[in-house]
Structures are given as C-alpha cells and as structure tokens.
Amino acid sequence: MMASKLLTAVFAALLALPAIAENGVSEHKIIIGQSAAFSGPAAQLGIQLHAGAKAYFDHVNSTGGVFGRKIEVIKRDDKYEADIAAANTKALIETDDVFALFGYVGTATSNAAMPIFTQAKVPFFAPYTGAQSLREPFNKLIFNVRASYFDETEHLVDRLVNTGLKNIAVFYQNDAYGKAGLTGVERALKKKNLPIVDTATVERNSLDVAKAVEKMMAKRPDVIIQISAYSSSAALIKEMRRLGYTGQFYNVSFVGSQALSDALGKDGSGVVVSQVVPFPWSAANATVVGEYTKIMNKAGIKDLNFSSLEGFIAAKVFVEGLRRSGQNLTREKLISSLESLNTKSYDAGGFDINFSSSNHNGSKFVDMTMIGKDGKFKN
C-alpha cells in the first residue's frame with residue numbers, strides 16, 4: 001500500500017515538471033546559434049546585428065528569461081564565406097546542440113546552411129538577407145523578418161524614375177547576394193520599360209574594383225545601384241569620386257549603412273541607402289525605436305544604427321514566439337507560435353510583422369535614407 005502511494009506521488013511530481021525533451025532546451029536555458037561575419041571585410045554586419053540582438057536577449061534574461069529560461073547565443077565566425085558557414089551550421093547543430101539558428105548574415109552563407117538545417121529540422125530565424133532563395137520555394141523552417149530585395153529594389157527604382165533619373169547602371173557582388181539584387185533591379189526596371197545601362201562586378205570579400213571603375217567611368221550613368229557589402233561599395237565610390245564622377249550612388253540595406261558611412265568619410269555625402277527597419281534615431285513613427293534606444297543605452301552601447309536595430313527587432317519577435325510556445329518548448333511549437341504573429345495579434349512597436357502558416361515573410365517595410373555632409377543619416 002505504501003509502495004503504491006509512493007509511486008503515485010512520484011508520478012504526480014513528474015507530471016508537474018516541464019517536459020524537457022527538445023535539443024537546446026533545458027530547465028534554465030534556451031541555446032540558439034548564429035553564424036555570421038565577425039572578422040574580415042564584412043565584419044561590421046555580423047558585429048552590429050549581434051549587438052542589437054544580444055542587448056534584447058540580455059534584457060529579457062535580466063527580467064527572468066522566458067518561463068525561467070535564459071537565452072544563450074553561441075556565435076561562430078564564418079568571415080562571410082559560404083563553406084565556413086556550412087561547417088559552422090553543422091557544428092552548431094551537432095556539437096553545440098542548439099534549439100534554433102538566428103541572425104545569419106548573407107545570401108550565399110544562408111544558402112549553404114539551408115540543406116543542413118532543413119535535414120535536421122532546425123528553425124532558421126531572421127537571416128540578414130532579402131534573397132528570394134530564402135523565400136521561394138516555401139520552407140516552414142525559415143522565418144524572414146526583413147523585406148525582400150525585390151521589395152527594396154522596386155522601391156528604389158520607383159524613386160529614381162519618379163525623380164527623372166533613368167540612365168541606371170548596377171555594380172554588384174559576384175555571388176548569390178549580388179545576383180539576387182541584380183535580378184530585383186532588372187525586374188523593377190522592366191516594369192518601367194527601362195534597360196540597365198551597364199553592369200560591373202566585384203568578388204565577395206574583395207576590394208579590387210579597378211575593372212568596375214573603368215566600366216562605370218566609360219558609361220558615366222546618372223545613377224549606380226550598388227548590390228555589395230560596405231567595404232567594396234566604399235572602394236568604388238571613393239575611386240569614382242576621385243576620377244570626377246558626379247552621378248549618384250544608391251545602395252540596398254545589406255550594404256551595412258553605418259559601416260558604409262564610416263568607410264566613406266567625406267565621400268559619403270549624398271549616398272542613398274534603402275532601409276528595411278525604421279530610422280534608429282527617432283521614435284516618432286515606431287515606438288520600438290524608443291525601446292531599442294533605452295535598452296542599448298542600458299547595455300552601454302551609444303552608437304545606434306540600422307543593423308543593430310534589425311538585430312534587436314528580430315530578437316524581440318523571436319522572444320514573442322518563445323513566449324507563445326508555452327513552458328514545454330519544442331521546435332514545432334515555436335514554428336506554430338511564430339505563425340500566429342500578425343498585426344492583429346502582435347504589436348512589434350510600429351513595425352508590422354505578418355506571419356502565417358503559408359507565409360513566413362514578416363515584413364515589406366522599406367524606407368529611403370541619405371548620408372549627410374556630417375556623415376549622419378537623413379530620413
């Protein structure tokens with residue numbers, strides 16, 4: 001009789017405990033993994049994105065975490081190289097035993113990771129890329145928080161054509177990212193019945209823009225749309241300005257806005273960058289910016305920028321998905337919970353998020369900014 005009562009008590013106690021059976025989840029911790037550029041010519045992209053996300057995760061952890069679990073981010077440096085990103089992904093899943101992957105930087109790197117996380121059935125949240133390869137065909141493991149390159153380039157081309165600038169060339173990185181952006185520009189210009197005047201390329205992680213400069217200077221287009229990272233984009237702008245080019249430069253958000261401005265110095269004035277998050281220095285149109293500013297300052301980070309704000313927003317949305325998943329967290333529950341996030345049920349602070357069971361592209365927000373003479377961005 002006593003043995004029976006003891007077994008009943010033990011069984012009841014076990015039922016009262018949370019069921020911890022998912023990889024990367026323990027009673028006190030949720031482990032997620034990030035592979036990004038933390039060194040090399042594109043390092044600021046990974047550094048800034050991670051800084052914003054970590055500030056938000058640390059804030060959540062300081063207030064008790066999610067159902068008592070602290071969020072830990074294991075980061076691995078891929079130097080913005082696809083083969084390293086693939087190896088990092090395998091290690092994060094098999095060695096580090098992460099629950100989910102978060103904040104990868106780049107198209108080629110994300111593409112390299114895709115077959116690995118897809119086979120392992122690990123959620124892949126908020127990659128820093130607008131490529132269609134992360135959107136089509138639909139993959140239930142991938143959640144995009146930012147707008148696509150098609151959204152950005154269409155917005156950008158509309159602005160150019162509306163201001164009368166139609167002689168447009170494209171400078172792009174010779175990889176999946178650059179080609180994705182080029183396709184977006186071609187698609188947008190086709191709607192306007194306009195051709196691309198010329199194109200020129202640069203290799204990923206290279207500053208060798210001599211041939212590109214020669215091609216662009218020969219045609220002297222009104223506008224050069226750049227689909228590359230900040231270091232090579234800055235190299236092209238500086239050299240063409242030195243040679244007397246007076247046309248305009250337009251960039252998509254992946255360039256790394258603050259890093260581009262820093263690299264350009266006095267040559268940055270008038271350079272335009274499209275953005276996929278609100279203006280980081282004003283909360284007038286998005287209350288999430290005020291929250292971001294407060295938490296970043298509390299973390300001792302005074303240098304605010306678009307990339308860290310994107311990381312912050314991505315972390316905030318991810319945490320909401322964790323909260324909605326309940327105490328017995330699983331990957332399937334996270335996916336279902338994220339799919340419930342939309343403007344009717346969730347307020348990200350003036351930044352619309354719309355996920356569903358058939359659409360994991362959360363935002364179409366695009367804005368335009370320009371670097372001023374003082375190196376600061378104007379909205």
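Each remark here, short or long, concerns the structure printed above.
The shown structure was predicted, so the numbers you read here are calculated from the model rather than taken from an experiment.

Regarding the packing of aromatic side chains
Per the counting criterion, the structure on display carries 22 aromatic pairs. Ring geometry for F125 versus F318: centroids 5.3 Å apart, planes at 55°, classification tilted. Here F125 is found in strand β4 (residues 124-125), whereas its partner F318 is found in helix α11 (residues 306-325), with 193 residues between them in sequence. For F318, a relative accessible area of 0% gives the class buried.

Focus on the packing of helix α7 (residues 210-219) against helix α8 (residues 230-242)
The contact between α7 and α8 brings their axes to 10 Å, and the two run at 50°. Between α7 and α8, the angle is such that the two are oblique. The chirality of how α7 crosses α8 is right-handed. Contacts between α7 and α8 pair A212, V213, M216 and M217 from the former with L236, E239 and M240 from the latter. Broken down by class, the residue content of the contact of α7 with α8 amounts to 6 nonpolar, no polar and 1 charged.

A word on the sheet that holds strand β10 (residues 272-275)
The sheet built from 7 strands is open, its strands ordered β7-β6-β8-β9-β10-β11-β12 with mixed pairing. The sheet terminates laterally at β7 (199-202) and β12 (377-378), the two strands that pair on one side only.

Regarding the environment of T118
With respect to the helices and strands, T118 occurs in helix α4 (residues 107-120). T118 gets classed as partly exposed once you look at its relative accessible area, which sits at 32%. Through-space distance from the C-alpha of T118 to that of L141 is 7.1 Å; in sequence the pair is 23 residues apart. T118 has contacts with N139 and L141, leaving out every residue within four places of it along the chain.

Notes on helix α3 (residues 82-94)
Three or four residues apart is the spacing at which side chains of an α-helix point the same way, because the helix has 3.6 residues per turn. With 13 residues, α3 should reach 18 Å at 1.5 Å per residue; the first-to-last C-alpha distance of 18 Å fits that figure. Elements in contact with the buried residues of α3: β1 (29-36), β2 (70-77), β3 (100-102) and α4.

Comments concerning the sheet that holds β3
Across the sheet, 5 strands lie side by side as β2-β1-β3-β4-β5; this open sheet has parallel pairing. Lying at the two open borders of the sheet, with one neighbouring strand each, are β2 and β5 (142-143). Sheet topology note: the β3/β4 ladder contains 2 bridges and is parallel. Paired with F102 across the strands is F125, a residue of β4.

Observations concerning the nonpolar core
In terms of nonpolar packing, the biggest core is built from 118 residues, with F117, F125 and I225 touching the most fellow members. Among the elements that make up this core, the one with the highest residue count is α11 (10 residues). With residues up to four places along the chain from it excluded, the contact list for I225 reads L156, V157, L160, I168, A169, V170, F171, V185 and Y250.

Some points on the packing of α3 against α4
Each pair of packed helices gets described by two things: the angle between the helix axes and the distance between those axes. For the pair α3 and α4, the least separation of the axes is 7 Å and the interaxial angle reads 30°. If you check the angle between α3 and α4, you find them roughly parallel. α3 and α4 meet at a crossing whose hand is right-handed. The residues of α4 that touch α3, namely those facing A82, A85, A86, T89, K90 and I93, are A108, T109, A112, A113, I116, F117 and A120.

Conventions and cut-offs
Residues numbered from 1 in each chain as written. Predicted model: local features only at pLDDT ≥ 70, side-chain atom pairs only at ≥ 80, totals over all residues. Heavy atoms only, no water. Phe/Tyr/Trp six-rings, centres within 6.5 Å; stacked < 30°, edge-to-face > 60°. Helix = DSSP H or I, 4+ residues; strand = E, 2+ residues; numbered from the N terminus. Buried < 20%, exposed > 50% of the residue type's maximum accessible area, 1.4 Å probe, protein only. Axes fitted to C-alpha atoms, helices over the stretch in contact; angles between N-to-C directions. Parallel < 35°, antiparallel > 145°, perpendicular 65-115°, else oblique. Left-handed = near helix turned anticlockwise from the far one by under 90°. Contact = heavy atoms within 4.5 Å. Nonpolar A, V, L, I, M, F, W, Y, C, P; charged D, E, K, R; others polar. Pairing = 2+ DSSP bridges. Expected span 1.5 Å × (residues − 1). Core = buried A, V, L, I, M, F, W, Y, C linked by side-chain atoms within 4.5 Å.

These values are about where atoms sit, not about what they do.
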